[in-house]
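Each chain is listed here by its residues.
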Amino acid sequence: MSRILIVYGSTTGNTAAVAEAPGEQFRQAGHGVDVVDAANVTPAGLCAGRDAVLFGCSAWGTDDVELQEDFEPLFEAFDKIGVKGVKVAVFATGDSSFEHFCGAVDVIEARLAELGAVQLLEGLKLDGDLSANQQEVAAWGSRLLAELAG
Ligand SMILES: Cc1cc2nc3c(=O)[nH]c(=O)nc-3n(C[C@H](O)[C@H](O)[C@H](O)COP(=O)(O)O)c2cc1C
């Protein structure tokens, strides 16, 4: 059994809904899972005792990528979360009409790599909400499960 944390920042609920889907997949596979809102986490030691951590965050900028407002303070404290050597993956919902489609995924992945995290899979970038992307989310969750098992 792996101990998995899924932490998301979400303003209108789109990324929050996506966070729950792999969470349920992992639970059904027998893993221990916590799904938490970035607004409610303490950054220091966030990854302690976790085998894998998933980060979900929407983007809100126009010219530049702006991370979702609850996730931003967590991101600024990423050096304190203890992510070195931890398996990670990043996901987002977004809108492909914006220049930086799901730009938070790239920003967060780059920072996690700098901090020595181990990327399990390439990030999941969803155009629209969960209902528009059910199969893609389920497939990504299945691939994560396979990576965790392997
Ligand atoms: C002012 C504004 C800026 C946005 N910027 C981006 C962006 O840069 N890239 C993107 O993919 N989506 C962008 N979006 C779309 C939202 O990120 C998208 O609706 C997302 O699903 C919201 O997720 P949340 O409800 O989890 O916060 C923007 C939306 C607004 C209103």
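What this report covers is the structure whose coordinates are included nearby. Small disclaimer: the values here were computed from a predicted structure and weren't measured.

What counts as what
Residues numbered from 1 in each chain as written. Predicted model: local features only at pLDDT ≥ 70, side-chain atom pairs only at ≥ 80, totals over all residues. Heavy atoms only, no water. Helix = DSSP H or I, 4+ residues; strand = E, 2+ residues; numbered from the N terminus. Rg over C-alpha atoms; globule rule 2.2 N^0.38 Å. Buried < 20%, exposed > 50% of the residue type's maximum accessible area, 1.4 Å probe, protein only. Contact = heavy atoms within 4.5 Å. Areas by Shrake-Rupley, 256 points an atom, 1.4 Å probe, with all protein chains shown as cover. Lys, Arg positive; Asp, Glu negative; His and termini not counted. Charge placed at Lys NZ, Arg CZ, Asp CG, Glu CD. Core = buried A, V, L, I, M, F, W, Y, C linked by side-chain atoms within 4.5 Å. Salt bridge = Lys/Arg side-chain N within 4 Å of Asp/Glu carboxyl O.

**Digging into the overall build of the chain**
Reasoning step 1: For the chain, the helix and strand inventory stands at four helices and six strands.
Reasoning step 2: In terms of C-alpha radius of gyration, the chain reaches 14 Å, essentially the compact-globule figure of 15 Å for 150 residues.
Reasoning step 3: With respect to the principal axes defined by its C-alpha atoms, the chain has extents near 40 × 35 × 25 Å.
Reasoning step 4: With 150 residues in all, the chain has 45% of them scored as buried.
Reasoning step 5: Considering only intrachain contacts with a sequence separation of at least 6, the fraction spanning at least 24 residues in the chain is 75%.
Reasoning step 6: Counting every atom, the chain has about 7,000 Å² of accessible surface; 47% of that belongs to carbon and sulfur.
Reasoning step 7: In the chain, the 9 positive side-chain charges and the 23 negative ones have mean positions that sit 13 Å from each other.

**Concerning the nonpolar core**
Reasoning step 1: Among the nonpolar cores identified, the biggest contains 26 residues, and Phe55, Phe71, Leu74, Phe78, Ile108 and Leu112 are the most heavily contacted of them.
Reasoning step 2: For this core, the elements supplying multiple residues, two or more each, are strand E1 (3-9), strand E3 (52-57), helix H2 (71-76), strand E4 (87-94) and helix H3 (103-114).
Reasoning step 3: Aside from chain neighbours lying at most four places away, what touches Leu74 is Val7, Ala38, Val41, Pro43, Leu46 and Ile81.
Reasoning step 4: Judged by nonpolar contacts, the second largest core, of 23 residues, contains Ala19, Phe91, Leu121 and Leu126.

**Digging into the pattern of salt bridges**
Reasoning step 1: Evaluation of the coordinates by the stated rule reveals seven salt bridges.
Reasoning step 2: The closest approach of N and O atoms between Arg50 and Asp34, which form a salt bridge, is 2.9 Å. Linking Arg50 in the loop between strand E2 (32-37) and E3 with Asp34 in strand E2, this pair joins segments that are 16 residues apart in sequence.
Reasoning step 3: Arg50 sits in the partly exposed class, given a relative accessible area of 22%.
Reasoning step 4: The partner of Glu114 in a salt bridge is Arg111, with the nearest N and O atoms 2.6 Å apart. Placement of the pair is Glu114 and Arg111 together in helix H3, with a separation of three residues, close to one helical turn.

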